[in-house]
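A look at the structure
Here's the letter readout for the chains.
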Amino acid sequence: VGGSTEGVGSELYNGQGADLDNMDGFVAQFNLLTLDPIGDTSAQSTFRVASGRDDFVTGLCAGDQSSAGHVYVTGYSNGHVANQTLSGDPDTTRGYILKLRLVDMTPVWVQEFEASNDGGSVTTVRAIS
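Now for a description of the structure that goes with this document. (Residues numbered from 1 in each chain as written. Predicted model: local features only at pLDDT ≥ 70, side-chain atom pairs only at ≥ 80, totals over all residues. Heavy atoms only, no water.)

Quick notes on the sheet that holds strand S3 (residues 46-49)
Strand order in the open sheet made by the three strands is S1-S2-S3, with antiparallel pairing throughout. Each of the sheet's edge strands pairs with one partner strand only, and the pair in question is strand S1 (2-5) and S3. For this sheet, the mean inter-axis angle between neighbouring strands, taken without regard to orientation, is 25°. Bridge count for strand S2 (residues 24-28) against S3 is four bridges, and the pairing is antiparallel. Paired with Gly-25 across the strands is Val-49, a residue of S3. (Pairing = 2+ DSSP bridges. Helix = DSSP H or I, 4+ residues; strand = E, 2+ residues; numbered from the N terminus. Axes fitted to C-alpha atoms, helices over the stretch in contact; angles between N-to-C directions.)

As structure tokens, this is what we get:
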């Protein structure tokens, strides 16, 4: 399950930099029969996208067999999900895609991207899968 929240809770692990003043994206694993979180702790069942600015998860995608045990997460942020320095504009919305390892809910890699118009101004980018 993926989405965005300003909240915290046992199913929305807040040890990854949850910021109650901004939206954070999240990915959580649940047992489909009991609806309990998967894993021994919420840290193993949930990943939080928390850059310190507004972050949104807009899509989840399973890969082919070569990506077994991983999901691809898409979304957008006006922070730096990958701690990359792209434009200097803090109000720019960047798209991102990340590959998330499900066994320990850690990112394998993250790629942010932004766009500019003909005048050179950076424009909003949102990634949706």
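Let's talk about the packing of aromatic side chains
By the definition in use, this model includes two aromatic pairs. Ring geometry for Phe-56 and Tyr-76: centres 4.8 Å apart, planes at 20°, overall stacked. Note that Phe-56 is positioned in strand S4 (residues 55-62) and Tyr-76 in strand S5 (residues 70-77), a separation of 20 residues in sequence. Given the relative accessible area of 16%, Tyr-76 is considered buried. (Phe/Tyr/Trp six-rings, centres within 6.5 Å; stacked < 30°, edge-to-face > 60°. Buried < 20%, exposed > 50% of the residue type's maximum accessible area, 1.4 Å probe, protein only.)

Things to note about the sheet that holds strand S7 (residues 106-113)
Read from one edge of the open sheet, four strands run S4-S5-S6-S7, paired in antiparallel fashion. If you trace the sheet from one side to the other, it starts and ends with S4 and S7, each paired once. Strand after strand, the sheet turns through a mean of 20° between neighbouring axes, direction not considered. Note that strand S6 (residues 94-101) and S7 share seven bridges and pair antiparallel. Residue Leu-98 lies in a different strand from S7, and its bridge partner there is Val-110.

Note that all results are geometric; they support no functional claim without further evidence.
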